[in-house]
Amino acid sequence: MDRNNRAVAAAAIVDPDAWVECFDSAFARIAGRFKRVEPRKAARDYLLAVLSDVDTRSCWQLAEQAGHASPHRMQRLLAEAVWDADAVRDDLRAFVVDELGDPEAVLIVDDTGDLKAGSATVGVQRQYTGTAGRIENSQVTTFLGYAGSKGRALIDRELYLPTSWTDDPARCAKAGVPAEVQFATKITHARRMLTRAHDAGVPAAWATADEFYGNHRGLRRDLQARTLGYVLGVASSHRLTLATGLTATAAHIAARHLPRRSWNRLSAGKGHKGERTYDWAWVRIIPPADEATGQHWLLVRRRIRDGELAFYRCWSPKPVTLATLVRVAGSRWCVEECFRTGKDEVGLDQHQVRTWTLLVPLHHPGHARPRHPRRHRRARTRQPSTTDIRADRVDSQRNPPPVRETDHEHHPRRQPLAALVRLAPTTPSTRPDQPLPPPRRRPR
C-alpha cells in the first residue's frame, strides 16, 4: 500500500471529533508559550493547516487552508511574534515521553540538510549533506530522535552554523543569530542534546548514531558516564584490541579472522520492502584502562547479496544478547523515517523564514500521524499574479517576506466597478486596388 492509500485508510478509520480533541489536548501543552491570544490562535491554525493535505507549506497556502484572507497573520507568527522555541521543544519532548515513553527506547543522533539556492538563509553554505549525498549549497540541522515500542519522533534539534557564519558577526546579526552563539561542531550538538534528554529524565536504555558520531571518543565516554548503552557506527579503519589479541588492529582486519560459525542471520527490523535481514557477528574487545567497566563489543554487519561490511562499537553496563544489539543498530533507520515523513507530510524542509528562529519545534513528525480527517484541500481562490514573483531565488516556492498590515489594507476603499465603454462607429473607406507582382518564371 503506497503512502496516499495509507493516508486515505487512516482518515477512514479516524473519528474527526476524537482527532480534534486529541490535537487540542496536545496543543494545550504549548499554548501558554504564546502570551497573546492572537499568536496563540495563529499557531493553532498554522499547525492544523500543516497537518492538512496541501501541496506546499507556504504561508499563502496554509492561510488559504485555515480560511484566512491573507498570509499576514501566519507570517507575523513565524517572523515577528515573541515565543520561546526552546520551551516549546521541551513541552513537545515531554508530550512524546508521555505518549511513547519506553524504558528500553533508543536515542538516535543524526543530521539532515535542506538544499538552498542562495546565501541569505541562516547557516547556508556549500557543505556535505546526506539529502543530496554530496557537497551542495544547503542548511544542515542535527536532530535527536526517540524510538520505542510505541512509536518514534524527533525530540530535539540544533542548527549547524559553519565558521563562514560565526566569523561574520554582521551577517549573523542580520539573520537574528544571538550574539552569544558561537561555532559548535555536530558532535557538540549531539552531546548537548543527549545531556538535555538525560537531565529531563527521558526514559531510554540505548543510544545509536552513524560512524561520524561513533568515531568520537568523548561522545562514547559521555554515554558510559550516564550508564546509557550504545551501538555506534565506526569506520572500517577504527582501531581496537580484541579480547583474543594483544595489539590494536583495524575493524575490517578483525572481521577477516572471524570464524564461519560466528555469523548469525538476523533481522534488524521491518523496512519498506519487508524484513531487513543481514548476517551479524560480534566479538569482545578490550577497552582502554579508563573504560574498564561494563561490556564492550565489536559488532559486524554483512550484507547478504554482496558481502559489504559495516562496523559498530558497542557498550552496555550489563551483559546483553546479540539480538538486542542488532535491534538497537537497526533502530537508526527510525530517524531516517522521521526525516522522510517530516519532509513529505508536514513540510519539515519548507522553512518560511530565513532567520535564526527554528520552526522545527512547531511540527515534530511522529510515527503514524494521521492527517486531519476533515481538512481537505481548499479550492484556490487567489489567482497568481506577476506581483508575486520575487527576484531572490533562495526560496522561490516559499512565501514572500512578512508585510505589516496598514489601515487601508484592513479597510480598503470601495472602487467603482469597471464598465465596458461603447466606441463611436467608424465609416469604412475605400482603398485603391494594388496590382499583384508578375509571376517568376523558372529558367530552362
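Note that the structure is predicted; figures quoted are calculated from it, not measured. (Residues numbered from 1 in each chain as written. Predicted model: local features only at pLDDT ≥ 70, side-chain atom pairs only at ≥ 80, totals over all residues. Heavy atoms only, no water.)

Attention now moves to the overall build of the protein chain. Looking only at helices and strands, one finds 15 helices and 12 strands in the protein chain. Burial analysis of the protein chain (444 residues in total) assigns 43% to the buried set. Taking all contacts inside the protein chain whose residues are at least 6 apart in sequence as the whole, residues at least 24 apart take part in 65%. Carbon and sulfur atoms make up 52% of the accessible area of the protein chain, which totals about 25600 Å². (Helix = DSSP H or I, 4+ residues; strand = E, 2+ residues; numbered from the N terminus. Buried < 20%, exposed > 50% of the residue type's maximum accessible area, 1.4 Å probe, protein only. Contact = heavy atoms within 4.5 Å. Areas by Shrake-Rupley, 256 points an atom, 1.4 Å probe, with all protein chains shown as cover.)

An α-helical segment advances 3.6 residues per turn. Residues three or four places apart therefore align on the same side. Residues Gly218, Leu219, Arg220, Asp222, Leu223 and Gln224 constitute the buried set of helix α11 (residues 217-225). Buried residues along α11 sit against α9 (186-199), β5 (206-209), α10 (211-214), β6 (229-234), β11 (295-302) and β12 (309-316). Residue threonine 227 follows α11 closely and has a positive phi angle near 50°.

In total, this model carries 28 salt bridges according to the counting rule given. A salt bridge links aspartate 156 to arginine 196; its shortest N-O distance comes to 2.9 Å. Of this pair, aspartate 156 sits in strand β4 (residues 151-159) while arginine 196 is found in helix α9, placing the two residues 40 residues apart along the sequence. The buried category is assigned to aspartate 156, whose relative accessible area is 0%. A salt bridge links arginine 217 to glutamate 291; its shortest N-O distance comes to 3.4 Å. A residue pair is termed long-range when its members are at least 10 positions apart, and arginine 217 in helix α11 and glutamate 291 in the loop between β10 (274-286) and β11 qualify at 74 residues. Through salt bridges with shared partners, a single ionic network connects Asp86, Arg89, Asp90, Arg93, Asp156, Arg157, Glu158, Arg192 and Arg196. (Salt bridge = Lys/Arg side-chain N within 4 Å of Asp/Glu carboxyl O.)

Think of a pair of aromatic rings as described by two things: how far the centres are apart, and how the planes are tilted against each other in angle. For the structure shown, the criterion picks out 10 aromatic pairs. Seen from their ring centres, phenylalanine 212 and tyrosine 213 are 5.0 Å apart, and the 85° between their planes marks the pair as edge-to-face. An angle of 35° between the planes, with centres 6.2 Å apart, marks the rings of tryptophan 280 and tyrosine 312 as tilted. In this pair, tryptophan 280 is assigned in strand β10 and tyrosine 312 in strand β12, connecting sequence segments 32 residues apart. Tyrosine 312 shares its class with tryptophan 280; the two are buried. Here the aromatic cluster, defined as three or more aromatic residues joined through ring pairs, consists of Trp19, Phe23 and Phe27. The ring of tyrosine 160 carries lysine 186 above its face, with NZ or CZ at 5.3 Å from the centroid. In this structure, lysine 186 packs its charged tip against the face of phenylalanine 212, placed 5.8 Å from the ring centre. (Phe/Tyr/Trp six-rings, centres within 6.5 Å; stacked < 30°, edge-to-face > 60°. Lys NZ or Arg CZ within 6 Å of the ring centre and 35° of its normal.)

Let us now look at the environment of leucine 100. Position of leucine 100 among the secondary structure elements: in helix α6 (residues 85-100). Separated by 51 residues in the primary sequence, leucine 100 and glycine 151 have C-alpha atoms spaced 6.0 Å apart. Setting aside its immediate chain neighbours within four residues, leucine 100 contacts Tyr146, Lys150, Gly151, Arg152 and Ala153.

With that settled, consider the packing of helix α3 (residues 37-50) against helix α4 (residues 59-66). Direction vectors running N to C along α3 and α4 enclose 100°, while the axes themselves pass 9 Å from each other. As summarised for this structure, α3 and α4 are arranged roughly perpendicular, according to the angle between their axes. Residue-level inspection shows Asp45, Tyr46, Ala49 and Val50 of α3 in contact with α4, the latter providing Leu62, Gln65 and Ala66. In the contact of α3 with α4, the residues fall into 5 nonpolar, 1 polar and 1 charged. (Axes fitted to C-alpha atoms, helices over the stretch in contact; angles between N-to-C directions. Parallel < 35°, antiparallel > 145°, perpendicular 65-115°, else oblique. Nonpolar A, V, L, I, M, F, W, Y, C, P; charged D, E, K, R; others polar.)

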